[in-house]
Amino acid sequence: MVTAALPVDYQRLFHQLPENFLLIGTDAAATIVDNTDAHVGVSLKPRAEVVGKAFFEAFPSPDQNQGDEIRRSHEHVRQHRQPHQMPVIRYDLERPGEQGGFEELYWQATHYPVLNERGELQYILQRTQDITEQYRAAQAAAAAKKALAEEQERTRFMLENLPVLVWTAGPDGGRNYFNSRWLAFTGRPMEADLGSGWLENLHPDDQARVSETWHQSVTTGATYQVEYRLRRHDGQYRWILVRATPRRNAANDITMWVGGATDIHEQRQMVQELLEANEQQGLLSEQAYELYQKAEGQRETYYNLFMQAPAMICVLRGPAHVYDFVNPVYQQIFPGRQLLGLPVAEALPEVVEQGIIDILDKVYQTGESFYGNELNLKFIRPGEGQPYNGYFNFTYQQFREHGQPAGIMVFAYDVTELVVARQALEGLAGNPPAA
Amino acid sequence: MALTSFDFQQARVKQVLFKSRLRSVLYGVREAEPELFSMRENPLGQWLQTSVKPALGAQPEVREIERVLQQMLQTGHDLARRYQSGLIEEARNGLDQVNIYADQIELLLTGLERNATA
């Protein structure tokens, strides 16, 4: 055995080794023999409180599992006399003094066998490395990775399930992703639409225009907006509205494009139908208006005609024979008397007993016209003492509206002067003056 | 000839028709014809000129309708140009402004009608 050149204090040397060493006996209780100052430092317990004590008495296990893990490792070394590295364990140490409580620590411990000359196990040397920091860093990295994966999954879920057709493209404009809505819509595999394959699935009349617009956007970086017909899985071309925006990095370079499309086929159709309906309505309303104007014009013409006619004209409306229209010649026969708006029986009560109302009723009911010839009527004129004794030639003619009797049209001539003159002549002939 | 409610109904139909035509331009259903935005060829503008002005030219509403209609046509023209230059959504969003003008015109027509047919 080689001896040292100088006398060496091996215990001092051991105590000051810059590692956490704990020397343990080979007994079942794993009695603690000694430890380094560094071990004292990290274990937060004075040497006097651990040396000579059973391992688990000095350092109680926080749980059964970890205790078993340590026991198994000790046993491994005892049996195989080979170093044994334990899995990373959490082994919290009691804080000394007022601080109190436990400090959360992670350890990587290895048990080494120390053998004597005969190769028998003399001690178990535990080397413990405090890997709390590395462990925490690894934990944090794993958590970050998980969070990232979760975030990606979230994004993917959103892209796949939004009621929108979504795609992405590289800075060169080549499409590199389509969401499942898009693929379900077109019924084509993703590979068919990648790059510029998607253009094949557009309506032939739209391909050139859309390709040009997309190329423009890719070149200038301007937002891409376009409408076109995309072939659906059933072969029908549907109008869609597509909008895409470029994503830029810190250097303002485009790193990708994300596009979204919505089916606007129904909307567009509705706009078209509405336009057609409105144009039809506009046309109809124009025609109705023209007809109305024409009817108005005609009404005015007839009105003027009747008003200026050199005959007595009036219109009696309804079964009560209400004066609806009276021309000036007619009114002249009844100067100063209110006719318009009144029934004949009320406007001219004196004609009732002369049988006029009965004739009017009959014409109104049967529709047979009545022709009066030199009919004698007597009526009062305001300011005249004697009733006016007049003779009239006239017609009463029913008029109909919507297939129903509506009133009577009266057309008359005052032939009083003629009759009176003739009567005078007849008087002369019948009674020749005495000779 | 005096204006009747029939005339005003006509004006309202023309108004809706303009909006419908503009919308169809902004939805790519039909190409924009230049006369769509011309005051002289706009049906409502023509109605103002030939029917309303002779009868009610002095009413302040007439001038006001003319002014708002001019703005509506101008806005419609701008929207059609926006649509043609690829700003599809921006153009369609602009229909809100057209609706505001249309509502103003409707309000003025109602006032005018009340005065004219009272």
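Residues numbered from 1 in each chain as written. Chains lettered and ligands numbered in written order. Predicted model: local features only at pLDDT ≥ 70, side-chain atom pairs only at ≥ 80, totals over all residues.

**A word on the overall build of chain A**
Here is step 1 of the chain: Of regular secondary structure, chain A possesses 13 helices and 18 strands.
Here is step 2 of the chain: Per-residue burial for chain A yields a buried fraction of 17% across its 435 residues.
Here is step 3 of the chain: In chain A, once contacts between residues fewer than 6 apart in sequence are set aside, the share between residues at least 24 apart is 38%. (Helix = DSSP H or I, 4+ residues; strand = E, 2+ residues; numbered from the N terminus. Buried ≥ 20, exposed ≤ 12 C-beta atoms within 10 Å, placed from the backbone. Contact = placed C-beta atoms within 7 Å.)

**Brief notes about the overall build of chain B**
Here is step 1 of the chain: Across its full length, chain B carries five helices and zero strands.
Here is step 2 of the chain: Taken from N to C terminus, the helices and strands of chain B fall in the order α-α-α-α-α.
Here is step 3 of the chain: In chain B, 77% of the contacts between residues at least 6 apart in sequence involve partners at least 24 apart.

**Notes on the sheet that holds strand 16 (residues 370-379) of chain A**
Residues and elements named next belong to chain A.
Here is step 1 of the chain: Strand order in the open sheet formed by five strands is 15-14-18-17-16, with antiparallel pairing between adjacent strands. Every interior strand has two partners, whereas the edge strands, strand 15 (322-326) and strand 16, have only one. With strand direction ignored, the average angle separating the axes of adjacent strands in the sheet is 35 degrees.
Here is step 2 of the chain: Two elements, strand 14 (residues 312-317) and strand 15, share four bridges in a ladder whose sense is antiparallel. Bridging from a neighbouring strand, Arg317 pairs with Val322 of strand 15. (Pairing = 2+ DSSP bridges. Axes fitted to C-alpha atoms, helices over the stretch in contact; angles between N-to-C directions.)

**Regarding helix 1 (residues 5-26) of chain B**
Here is step 1 of the chain: Given a rise of 1.5 Å per residue, 22 residues ought to cover 32 Å, and the 32 Å separating the end C-alpha atoms of helix 1 of chain B matches this to within 8%.
Here is step 2 of the chain: B:Gly28 occupies a position one or two residues after helix 1 of chain B and carries a positive phi of about 70 degrees. (Expected span 1.5 Å × (residues − 1).)

**Observations concerning the interface of chain A and chain B**
Here is step 1 of the chain: Contacts between the two partners involve 17 residues from chain A and, on the opposite side, 17 residues from chain B.
Here is step 2 of the chain: Of all the secondary structure elements, the ones that give two or more residues to the side of chain A that touches chain B are strand 11 (224-231), strand 12 (237-248) and helix 9 (265-308) of chain A.
Here is step 3 of the chain: Per-class residue counts for the side of chain A that touches chain B are six nonpolar, seven polar and four charged. (Nonpolar A, V, L, I, M, F, W, Y, C, P; charged D, E, K, R; others polar.)

**Some points on the pairing of strand 9 (residues 165-169) of chain A**
All names here are of chain A.
Here is step 1 of the chain: Of the two faces of strand 9, the one holding Leu165, Trp167 and Ala169 is buried and the one holding Val166 and Thr168 is not buried anywhere.
Here is step 2 of the chain: One ladder, built from five bridges, connects strand 9 with strand 13 (residues 254-263); its direction is antiparallel. Bridge assignment links Thr168 to a residue of strand 13, and that residue is Val258.
Here is step 3 of the chain: With three bridges joining them, strand 9 and strand 10 (residues 175-178) adopt antiparallel strand pairing. Within strand 10, the residue paired with Thr168 across the bridge is Tyr177.
Here is step 4 of the chain: Taking the residues that link successive antiparallel strands as the turn, the strand 9-strand 10 hairpin has five residues, and the phi of Gly173 there is positive, at about 95 degrees.

**Quick notes on the packing of helix 9 of chain A against helix 1 of chain B**
Here is step 1 of the chain: Closest axis-to-axis distance for the helix 9 of chain A/helix 1 of chain B pair is 9 Å, and the angle between their directions is 155 degrees. The pairing of helix 9 of chain A with helix 1 of chain B is recorded here as roughly antiparallel in orientation. Note on packing geometry: the crossing formed by helix 9 of chain A with helix 1 of chain B is left-handed. Each of A:Val271, A:Gln272, A:Leu274, A:Leu275, A:Asn278, A:Glu279, A:Gln281, A:Gly282, A:Ser285, A:Tyr289 and A:Tyr292 in helix 9 of chain A lies in contact with helix 1 of chain B, whose residues at this interface are B:Phe6, B:Gln10, B:Val13, B:Lys14, B:Val16, B:Leu17, B:Ser20, B:Arg21, B:Arg23 and B:Ser24.
Here is step 2 of the chain: Residue composition of the contact of helix 9 of chain A with helix 1 of chain B, grouped by class: nine nonpolar, eight polar and four charged. (Parallel < 35°, antiparallel > 145°, perpendicular 65-115°, else oblique. Left-handed = near helix turned anticlockwise from the far one by under 90°.)

**Thoughts on the confidence of the model for chain B**
Residue and element names in this part refer to chain B.
Here is step 1 of the chain: With 98% of its residues at a pLDDT of at least 70, chain B reaches an overall mean of 90.
Here is step 2 of the chain: Within chain B, the element-level pLDDT minimum falls on helix 2 (residues 43-56), averaging 88, and the maximum on helix 3 (residues 60-84), averaging 94.
Here is step 3 of the chain: Across the predicted assembly, pTM comes out at 0.64 and ipTM at 0.85. (pLDDT = per-residue confidence, 0-100.)

**Points about unusual backbone geometry**
All names here are of chain A.
Here is step 1 of the chain: With a phi close to 55 degrees, Arg81 is a non-glycine residue in the positive phi region.
Here is step 2 of the chain: Its 15 C-beta neighbours within 10 Å are what place Arg81 among the partly exposed residues.
Here is step 3 of the chain: Non-glycine residue His321 carries a positive phi angle of around 60 degrees.
Here is step 4 of the chain: Counting through the fold element by element, His321 comes out in the loop between strand 14 and strand 15.
Here is step 5 of the chain: Judged by the 26 C-beta atoms lying within 10 Å of it, His321 is buried.

**Considerations on the nonpolar core**
Here is step 1 of the chain: Grouped together as the largest cluster of nonpolar side chains are 48 residues, with contacts concentrated most on A:Ile240, A:Val242, B:Leu26, B:Leu69 and B:Tyr83.
Here is step 2 of the chain: No other element matches helix 3 of chain B, which puts seven residues into this core.
Here is step 3 of the chain: The residues contacting B:Leu26, other than those within four sequence positions of it, are B:Leu79, B:Tyr83, B:Ala91, B:Arg92 and B:Leu95.
Here is step 4 of the chain: Residues A:Cys314, A:Tyr323, A:Val326 and A:Tyr396 belong to the second largest nonpolar core, which totals 15 residues. (Core = buried A, V, L, I, M, F, W, Y, C linked by C-beta atoms within 7 Å.)

**Some remarks on the sheet that holds strand 12 of chain A**
Residues and elements named next belong to chain A.
Here is step 1 of the chain: Spatially, 10-9-13-12-11 is the arrangement adopted by the five strands of the open sheet, whose pairing is antiparallel. Bordering the open sheet on either side are strand 10 and strand 11, each of which pairs with just one other strand. Each strand axis lies, on average, 25 degrees off the axis of its neighbour in the sheet, ignoring direction.

**Quick notes on the packing of helix 1 of chain B against helix 2 of chain B**
The packing of two helices is summarised by the inter-axis angle and the distance between the axes.
Residue and element names in this part refer to chain B.
Here is step 1 of the chain: Two elements in contact, helix 1 and helix 2, have axes separated by 8 Å at closest approach and are oriented at 155 degrees. Judged by the inter-axis angle, helix 1 sits roughly antiparallel to helix 2. Contact residues: helix 1 offers Asp7, Gln10, Ala11, Lys14, Gln15, Leu17 and Phe18, while helix 2 offers Pro43, Leu44, Trp47 and Ser51.
Here is step 2 of the chain: Here the residues of the contact of helix 1 with helix 2 are counted per class, giving six nonpolar, three polar and two charged.

**As for helix 5 (residues 132-161) of chain A**
Here is step 1 of the chain: With 30 residues, helix 5 of chain A extends 42 Å from end C-alpha to end C-alpha; this agrees with the ideal 44 Å at 1.5 Å per step.
Here is step 2 of the chain: For helix 5 of chain A, the tally of buried residues reaches only zero of 30 residues, placing the bulk of the element at the surface.

**So, the environment of A:Ser369**
Residues and elements named next belong to chain A.
Here is step 1 of the chain: The topology assignment puts Ser369 in the loop between helix 12 (356-366) and strand 16.
Here is step 2 of the chain: Among the residues examined, Ser369 registers 12 C-beta atoms within 10 Å and is labelled exposed.
Here is step 3 of the chain: Sequence separation between Ser369 and Phe399 is 30 residues; the distance between their C-alpha atoms is 10.0 Å.
Here is step 4 of the chain: In this structure Ser369 touches Val363, Thr395, Tyr396 and Gln397, once residues within four positions along its chain are discounted.

**Observations regarding the environment of A:Val50**
Here is step 1 of the chain: Among the secondary structure elements, A:Val50 is positioned in the loop between helix 2 (37-43) and helix 3 (55-58).
Here is step 2 of the chain: For the pair A:Val50 and A:Ile32, spaced 18 residues apart in sequence, the C-alpha to C-alpha distance is 6.7 Å.

**Side note on the environment of A:Ser211**
Here is step 1 of the chain: Along the chain, A:Ser211 falls in helix 8 (residues 204-220).
Here is step 2 of the chain: As a C-alpha pair, A:Ser211 and A:Leu199 span 12 residues in sequence and 7.3 Å in three-dimensional space.

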